[in-house]
Amino acid sequence: MKGILGNRRAKENIAGYSFMFPTIVIIGTFVILPILYALFLSFNKVTLLGGVNYDFVGLKNFNRMIDDDKVWISLKNTAKYVLIVVPCQTMLALILAAALNAKLRGRNFFRTVYFLPTITSSAVLTLIFVWILNNNGLLNELLGMLHFPTHNWLAEPAVALFGVMLMNIYSTAPGFMVIYLASMQDISHNIYESAEIDGANAWTKFWKITVPLLKPVTFFVVVLGVIGSFQVFDQAYIVSRGDGGPNNSTLTIVLLIYKYAFKNLDMGYASALALLLAIVIMLFTLVQRKLFGDEKN
Amino acid sequence: MKKRLSLSLVLVLAFALILTACGGNNGNKGKKASESPAASSSAPATESASPSPSAEAPKDPVEITLSGWGASPEEQALLQQTLDEFQAKNPDVKVKYEVIADQYMDVIKTRLVGGEGPDVFYMDAFEAPKMIESGVLEPLDSYVTDDFDIADFEEPLVNAFKSPDGKSYGFPKDFSTLAMFYNKKMFADAGIAAPPATWEEFLDAAKKLTKDKTVYGFGAAPELARQMYMIKAFGGKLTDENYNAAFATPEAIQGLQLVIDQRVVDKTSGQPSDAGAGWGGEMFGQGKAAMVFEGNWAIPYLNANFPELEYATAELPTVNGQKGTMAFTVAYVMNKASEKKEASWKLISYLTGKEGMKTWTSKGFALPSRKSVSAELGYDKDPLRGALVAGASYATPWQAGPTLPIISTNFNNQFVSAYLGDQKLDAAMATAQETSNKEIKAAK
């Protein structure tokens, strides 16, 4: 009896693994192996041009970070970026979702319109925003009409990063909106009804029912938002034409990694920085789990 | 259960087969690519029962790849015409011309590392020392014959592609210096008769030409590529003998300060983005700057996009009583890993030779780096290009050893913030120098 059971389990295991085989191969080749390789690279000094060569240098690449001002500048920029973008995009997503969840006329039309930025290529969006943020662009025109001070949004170090933030909030909020919307529609009407009987108004219902019940979703959205924001690259790259200027104000950590990897061909150091980024993101996610408590389960 | 198992086994097998097939292909890729033309033509050869298939081989043209960055369609067409003429004269060589649209050096370096580099490609003088040092370029001295006539090139332009031990790794295809482009109508309206000859006159002119918020007297480019000659104007140096940054000296700053003061004190200079333009030529064309320092590339651009614009050129104003400008040049270089070096040299020697260069520079998109071609085409007497040609004799070439890419990035970052008035120039330059040297040291 036991033998037959064991045999069956083995067979099931084989079947299971065979079904997973293609995925395992693909993930192994394109995800696991590169991660291990990057790990290996980060402890080496890599020469690529004129003959590939690896020199084991131990922790030298990591020591180099401490002395590298650009690492700290880029981490500071990225942290600033995360701290502003994540709350804004989460709130905007929640507000948009709430608006669409209300029984409005032409809901589907607005859903499509709101969702468009997310499915537009980020390169195209960035170019459109480059025009909007241009010194003679739409934003300055509007600000000028309202008698607000105007800025050369992409050339002044003090405000250049805000331009990039604005772009990213605009393009990512709708994606999260859809996630919020889906879970809002899952909330049972009975709860709202009983609240109404108890005399709750729309505002109270939103804050006391909708928001608390969406907490797991908010956790998910914030985690994804933080990871995405830490990895911001394309907008900063296009805005600064790849160099993170003016005065390093749009230098994000991924842009810095790109510069070291492909401009200087310093793969060892770039891999070490990528590892640093991975650790930072993991730490942030752990902190968030603590903050949001166990209500997720 | 059994059915499922066998099904999955089939899937697994199929997948494994695909994988091995791919792997096999990859291994042979390099070989196959070079063999395929021979293989396709050997089929008719066996049909006619030719006894010597090896005799057939030379008839097949050798295909070599030429890579460059993108340019205007007119320029691209002219290069294609030059290549067509080359292929007509050399039926045994076929040139595949590839345009790398963006981030040229990043792409080229990555391809060279991956063993997929082109046979012949463009190399900016600015990046050349680093690439020569890394050993990926083929030294060309052994290919050069007397016919090629190296002495005919403008000397500083050839020297830009030599290694420290004097070997040539590339020959300049063309060059440009910077000249002052000025808007004739604005000059007439402001009552300025002649283009300014000295920096003092230039500052005065810029004050008269500036109209608040709409026209900047001078459209500046606050970056090292355009400002290196200002470092030299009062005896400053960009780097020391070990190629470490050494520009945070009073001499160097004295020259650069002139550029900063025009913006911060006089407020008569603006960068293209202040006017919503992408570069100086566009700013000038749109009438948002009365004067810009640009190169030959601006002439076809302005003529094509702003045909109404009335402008003229002059040599840059003298600084500290001396003439100065920048020179930019690009060479054709050969990939050391190329398997078709003979054909590659044929192409390089044609494109940089008297005949090919004459076609390539005939329409004035670029200035010839050979003296004989320049004299033949008469660019020194051309009303717009004369000032650019005149600059060649005293220009500072845009090159300063293998560390220049690092220095340039850090310089630009800090110089812009001084230009915008966010910090004092000497503090900015000290930071730029320190960061550069730190990075140079770390990269060693």
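Residues numbered from 1 in each chain as written. Chains lettered and ligands numbered in written order. Predicted model: local features only at pLDDT ≥ 70, side-chain atom pairs only at ≥ 80, totals over all residues. Heavy atoms only, no water.

Chain B is annotated in an unreviewed UniProt entry as ABC transporter substrate-binding protein of Cohnella luojiensis. Under the Sequence similarities (unreviewed entry) heading, UniProt states for chain B: "Belongs to the bacterial solute-binding protein 1 family." (UniProt positions renumbered as here; feature names shortened; annotations may be inferred.)

As recorded in an unreviewed UniProt entry, chain A goes by the name Sugar ABC transporter permease, listed as coming from Cohnella luojiensis. What UniProt records for chain A under Subcellular location (unreviewed entry) is the sentence "Cell membrane". Entered under Sequence similarities (unreviewed entry) in the UniProt record, the comment concerning chain A runs "Belongs to the binding-protein-dependent transport system permease family."

Visitor: What's the story with the overall build of chain A in this structure? I'm lost.
Guide: When helices and strands are tallied, chain A shows 13 helices and two strands. Here the C-alpha atoms of chain A give a radius of gyration of 24 Å, more than 25% beyond the 19 Å that 2.2 N^0.38 yields for 297 residues. By principal-axis analysis of the C-alpha atoms, chain A measures approximately 80 × 75 × 35 Å. Buried residues in chain A amount to 41% of all 297 residues. Look at the contacts in chain A between residues 6 or more apart in sequence, and 65% of them connect residues 24 or more apart. About 16800 Å² of surface is accessible on chain A, with carbon and sulfur atoms providing 70% of the total. For chain A, the separation between the mean place of its 23 positive charges and that of its 16 negative charges on side chains is 7 Å. (Helix = DSSP H or I, 4+ residues; strand = E, 2+ residues; numbered from the N terminus. Rg over C-alpha atoms; globule rule 2.2 N^0.38 Å. Buried < 20%, exposed > 50% of the residue type's maximum accessible area, 1.4 Å probe, protein only. Contact = heavy atoms within 4.5 Å. Areas by Shrake-Rupley, 256 points an atom, 1.4 Å probe, with all protein chains shown as cover. Lys, Arg positive; Asp, Glu negative; His and termini not counted. Charge placed at Lys NZ, Arg CZ, Asp CG, Glu CD.)

Visitor: Teacher, can you tell me more about the environment of G163(A) here?
Guide: All names here are of chain A. Assignment of secondary structure puts G163 in helix α7 (residues 157-184). The exposure class assigned to G163 is buried, which follows from its relative accessible area of 1%. In sequence terms G163 and F230 are 67 residues apart; their C-alpha atoms lie 16 Å from each other.

Visitor: Before we go on, may I ask you to explain the confidence of the model for chain B in this structure?
Guide: The predicted coordinates should not be examined in detail at positions where pLDDT is low. Chain-level pLDDT for chain B is 84 on average; 87% of the residues reach the 70-or-more range. The low-confidence segment residues 17-57 of chain B, where pLDDT is below 50, has six contacts with residues more than four positions distant or belonging to other chains. (pLDDT = per-residue confidence, 0-100.)

Visitor: Explain the UniProt feature "domain: ABC transmembrane type-1" (unreviewed entry) in chain A here, please?
Guide: When the UniProt feature table is mapped onto this chain, "domain: ABC transmembrane type-1" (unreviewed entry) is found at residues 75-288 of chain A. As annotated, residues 75-288 of chain A has a helix share of 77% and a strand share of 0%, and its two end C-alpha atoms lie 19 Å apart.

Visitor: Where do I start with the interface of chain B and chain A in this structure?
Guide: Interfaces are often described in size by the accessible area the parts lose on coming together. Listed as interface residues are 38 residues of chain B and, on the opposing side, 38 residues of chain A. Interface of chain B and chain A: buried area, both sides summed, is about 3100 Å²; carbon and sulfur atoms make up 56% of it. Viewed at the interface, chain A and chain B are joined by three salt bridges. Note that D69(A) is salt-bridged to K438(B), the shortest N-O span being 3.3 Å. Here chain B and chain A share 15 residue pairs in polar contact (both at pLDDT 80 or more) between them. Among the elements of the structure, α1 (2-47), α4 (104-113), α5 (128-134), α17 (404-419) and α18 (425-443) of chain B are those that each provide at least two residues to the side of chain B that touches chain A. For the side of chain B that touches chain A, the class distribution of residues is 14 nonpolar, 14 polar and ten charged. (Buried area = accessible area lost by both parts, 1.4 Å probe. Salt bridge = Lys/Arg side-chain N within 4 Å of Asp/Glu carboxyl O. Polar contact = N/O pair within 3.5 Å; in protein donor to acceptor, adjacent residues only side chain to side chain. Nonpolar A, V, L, I, M, F, W, Y, C, P; charged D, E, K, R; others polar.)

Visitor: Help me understand the pairing of strand β1 (residues 62-69) of chain B in this model?
Guide: Regular strands show a simple pattern: their side chains alternate between the two faces of the sheet. Residue and element names in this part refer to chain B. Inspection of the sheet shows β1 paired to strand β2 (residues 93-100) by eight bridges, in the parallel sense. Its bridge partner being in β2, W69 is matched across the sheet by I100. Once you follow β1 into helix α3 (residues 73-89) and on to β2, the crossover reads as right-handed. Where β1 meets strand β3 (residues 120-124), two bridges bridge the pair, whose relative direction is parallel. What sits directly across from L66, in β3, is V120. (Pairing = 2+ DSSP bridges. Right-handed = clockwise from strand over helix to strand, strands pointing away.)

Visitor: What is the right way to look at the UniProt feature "transmembrane region" (unreviewed entry) in chain A in this model?
Guide: Residues and elements named next belong to chain A. Sites flagged by UniProt as "transmembrane region" (unreviewed entry) map to residues 21-40, 81-100, 112-133, 153-182, 213-233 and 267-287. Secondary structure content for residues 81-100 is 100% helix and 0% strand, and the end C-alpha separation is 28 Å. Between the end C-alpha atoms of residues 153-182 there is a gap of 36 Å, over a span that is 87% helix and 0% strand.

Visitor: I would appreciate a short explanation of helix α10 (residues 250-264) of chain B in the present structure.
Guide: Because the α-helix completes a turn every 3.6 residues, residues three or four places apart line up on one side. Residue and element names in this part refer to chain B. Along its length, α10 reaches its greatest deviation from straightness, about 35 degrees, at L256. Of the positions making up α10, those classed as buried are A252, I253, G255, L256, V259, I260, Q262 and R263. Against α8 (199-209), β6 (216-219), α9 (224-233), β7 (269-270), α17 and α18 lie the buried residues of α10. (Bend = angle between axes of the 7 residues up to and from the residue.)

Visitor: Please clarify how the packing of aromatic side chains should be interpreted in this entry.
Guide: In this description, a pair of aromatic rings is defined by centroid distance and the angle of the planes. Tallied over the entire structure, the rule returns 38 aromatic pairs over all chains. Consider the rings of Y260(A) and Y269(A), whose centres lie 4.8 Å apart with planes at 75 degrees: the pair is edge-to-face. Here Y260(A) and Y269(A) have matching classes, each one buried. Looking at R370(B), its charged tip hangs above the ring of F148(B), at a distance of 5.0 Å from the centre. (Phe/Tyr/Trp six-rings, centres within 6.5 Å; stacked < 30°, edge-to-face > 60°. Lys NZ or Arg CZ within 6 Å of the ring centre and 35° of its normal.)

Visitor: I keep staring at the domain arrangement of chain B and nothing clicks. Help me out?
Guide: Residues and elements named next belong to chain B. Entries for chain B in the domain assignment read domain 1 (60-177 + 328-397) and domain 2 (179-326 + 400-443). Counting residues at the interface gives 23 residues for domain 1 and 26 residues for domain 2. Roughly 2100 Å² is buried in total at the junction of domain 1 and domain 2, and carbon and sulfur atoms are behind 67% of that figure. Between the two partners, domain 1 and domain 2, sit zero salt bridges. Linking domain 1 to domain 2 there are seven residue pairs in polar contact (both at pLDDT 80 or more). Looking at the side of domain 1 that touches domain 2, the elements with two or more residues in it are α5, β4 (170-177), α16 (386-391) and β11 (396-397). The element that contributes the greatest number of residues to the side of domain 1 that touches domain 2 is α16, accounting for four residues. Looking at the side of domain 1 that touches domain 2, its residues break down into 14 nonpolar, five polar and four charged. (Domains from an automatic or database assignment.)

Visitor: Is there a simple way to think about the domain arrangement of chain A in this case?
Guide: All names here are of chain A. For chain A, the assigned domains read domain 1 (2-60) and domain 2 (62-292). Computed from C-alpha atoms alone, the centre-to-centre distance between domain 1 and domain 2 is 32 Å. Inspection of the region where domain 1 meets domain 2 yields zero salt bridges. Viewed at the interface, domain 2 and domain 1 are joined by five residue pairs in polar contact (both at pLDDT 80 or more). Every element with two or more residues in the side of domain 1 that touches domain 2 is listed here: α1 (2-41) and β1 (44-47). Tallying contributions element by element places α1 first for the side of domain 1 that touches domain 2, with three residues. Here the side of domain 1 that touches domain 2 is built from residues that sort into eight nonpolar, two polar and one charged.

Visitor: Looking at this structure, I do not really get helix α10 (residues 215-230) of chain A. What am I missing?
Guide: In this model α10(A) runs 22 Å from its N-terminal to its C-terminal C-alpha over 16 residues, within 8% of the 22 Å that 1.5 Å per residue would give. The complete set of buried residues in α10(A) reads V217(A), T218(A), F219(A), V221(A), V222(A), V223(A), G225(A), V226(A), S229(A) and F230(A). (Expected span 1.5 Å × (residues − 1).)

Visitor: Sorry if this is basic, but what is going on with the environment of G378(B) here?
Guide: Relative to the helices and strands, G378(B) is located in the loop between α15 (371-377) and α16. Separated by 139 residues in sequence, G378(B) and T239(B) place their C-alpha atoms 37 Å apart.

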